[in-house]
Amino acid sequence: GAVVSQHPSWVICKSGTSVKIECRSLDFQATTMFWYRQFPKQSLMLMATSNEGSKATYEQGVEKDKFLINHASLTLSTLTVTSAHPEDSSFYICSARENLGANVLTFGAGSRLTVL
Amino acid sequence: QKEVEQDPGPLSVPEGAIVSLNCTYSNSAFQYFMWYRQYSRKGPELLMYTYSSGNKEDGRFTAQVDKSSKYISLFIRDSQPSDSATYLCAMRTGNQFYFGTGTSLTVIP
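Residues numbered from 1 in each chain as written. Chains lettered and ligands numbered in written order. Predicted model: local features only at pLDDT ≥ 70, side-chain atom pairs only at ≥ 80, totals over all residues. Heavy atoms only, no water.

### What about the pairing of strand 7 (residues 67-73) of chain A?
Residues and elements named next belong to chain A. Defined as follows: Here, any two strands with at least 2 DSSP bridges between them count as paired. Note on conventions: DSSP H or I runs of at least 4 residues are helices, E runs of at least 2 residues are strands, and numbering of each starts at the N terminus.
Direction of pairing for strand 7 relative to strand 8 (residues 76-81): antiparallel, over a ladder of five bridges. The partner of Ser73 across the bridge, within strand 8, is Leu76. Joining the antiparallel neighbours strand 7 and strand 8 is a turn of two residues.

Take a look at the structure:
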């Protein structure tokens, strides 16, 4: 089945630095990828929808200058948390949809970000 | 009203019990219904997905959809400690996916 690889799985950084998280579809081309944020014991919160070759669509309340999303190829989307602060500490998860007709999402394993 | 409602639990059952997890929804445009399992600090993994009303079985898991009542269920037979996880229901219409809050399940040996 479809596999999505997310890297790094765990990152600690100092406040003010930027962190990049990669999401790769390993055995399929993903025209659409989604980025979620998840707080402890809470559900997935959609941050943005990333479409290959075009600008990401951000959900209301998500700062696009803070969370930069790039989907430069059909197998790779990146999320960069710029000038990270402790309140950005969270579990970030990407998911991919194989094509517009795909009925399900495949998720990456998630990336836990801790900002000191 | 949320698009998808799911009781967060927590739900605790003894090993071997039958588990019933449920979600209700309000949007009749939802066409595809999914159940994901998420272990702690991991991404969700797809368990099952269904399209039409009725039952779909896969091993110990049965997914049930009742479109007339806007209600979906996941049944786990002969539950095992390894089933302890959070179970998320999800629904799709067009390019939009909607998730429940997840139900935390613990199966006690």
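### Overview of unusual backbone geometry
Excluding glycine, a negative phi dihedral is what most residues carry, and trans is how most peptide bonds are arranged. In this model, His7(A) is joined to Pro8(A) through a cis peptide bond whose omega is 0°. Locating Pro8(A) in the fold gives a position in the loop between strand 1 (4-7) and strand 2 (10-13). The amide bond that connects Gly9(B) to the next residue, Pro10(B), takes the cis arrangement and shows omega of 10°. With respect to the element layout, Pro10(B) can be found in the loop between strand 1 (4-6) and strand 2 (11-14). Located in the positive-phi region is Asp78(B), a residue other than glycine, with phi close to 45°. Tracing the sequence through the fold places Asp78(B) in the loop between strand 8 (71-76) and strand 9 (85-93).

### Description of the packing of aromatic side chains
How we decide: Two aromatic rings from Phe, Tyr or Trp, using only the six-membered ring of Trp, form a pair when their centres are within 6.5 Å; if the ring planes differ by under 30 degrees the pair is stacked, by over 60 it is edge-to-face, and anything between is tilted. Each residue is placed in one exposure class: buried if its accessible area under a 1.4 Å probe, protein chains only, is under 20% of its type's maximum, exposed if it is over 50%, and partly exposed if it falls in between.
Throughout the structure, instances matching the rule amount to eleven aromatic pairs over all chains. Centre to centre, the rings of Phe34(A) and Phe97(B) are 6.0 Å apart; their planes meet at 70°, and the pair counts as edge-to-face. Note that Phe34(A) is positioned in strand 4 (residues 32-38) and Phe97(B) in strand 10 (residues 96-99), a pairing that runs across two chains. In this structure Phe97(B) comes out as buried when scored by relative accessible area, which is 9%. Here Tyr25(B) and Phe30(B) contribute two aromatic rings whose centre-to-centre distance is 5.7 Å and whose plane-to-plane angle is 65°, an arrangement assigned as edge-to-face. Residue Phe30(B) is classed as buried on the basis of its relative accessible area of 2%.

### Examining the sheet that holds strand 3 (residues 19-25) of chain B
Residue and element names in this part refer to chain B. We apply this condition: Axis definition: a line fitted to C-alpha atoms, over the contacting stretch in the case of helices. Angles run 0 to 180 degrees between N-to-C directions.
Read from one edge to the other, the open sheet built from five strands follows the order 1-3-8-7-6, with strand pairing classed as antiparallel. Among the strands making up the open sheet, the edge pair consists of strand 1 and strand 6 (54-58). Sheet twist, expressed as the mean angle between neighbouring strand axes with direction ignored, is 20°. Both strand 1 and strand 3 contribute to a ladder of three bridges, which runs antiparallel. Opposite Glu5, over in strand 3, you have Thr24 as the bridge partner.

### Considerations on the pattern of salt bridges
Residues and elements named next belong to chain B. For clarity, the threshold we go by: A pairing counts as a salt bridge when a side-chain nitrogen of Lys or Arg comes within 4 Å of a carboxyl oxygen of Asp or Glu.
Summed over the entire model, instances satisfying the criterion amount to five salt bridges over all chains. Residue Arg60 pairs with Asp83 through a salt bridge whose shortest N-O separation is 2.8 Å. In this pair, Arg60 is assigned in the loop between strand 6 and strand 7 (61-66) and Asp83 in the loop between strand 8 and strand 9, connecting sequence segments 23 residues apart. Residue classification places Arg60 among the partly exposed positions, given a relative accessible area of 26%. Assessed through its relative accessible area of 1%, Asp83 is described here as buried.

### Quick notes on the state of the cysteines
Going by this rule: Any cysteine sulfur atom paired with another within 2.5 Å is treated as part of a disulfide.
One pass over the structure, following the stated rule, counts two disulfides over all chains. A disulfide bridge connects Cys23(A) with Cys94(A), and the sulfur atoms are separated by 2.0 Å. Measuring the twist about the S-S bond at about 80°, one finds the Cys23(A)-Cys94(A) disulfide to be right-handed. Here Cys23(A) is found in strand 3 (residues 19-25), whereas its partner Cys94(A) is found in strand 9 (residues 90-97), with 71 residues between them in sequence. Here Cys23(B) engages in a disulfide with Cys89(B); their sulfurs sit 2.0 Å apart. Measuring handedness by torsion sign, the sulfur bridge of Cys23(B) and Cys89(B) sits at about -100° and is left-handed. Placement of the pair is Cys23(B) in strand 3 and Cys89(B) in strand 9, with a sequence separation of 66 residues. For Cys23(B), a relative accessible area of 1% puts it in the buried group. Left unpaired, Cys13(A) is separated from the closest cysteine sulfur, that of Cys94(A), by 18 Å.

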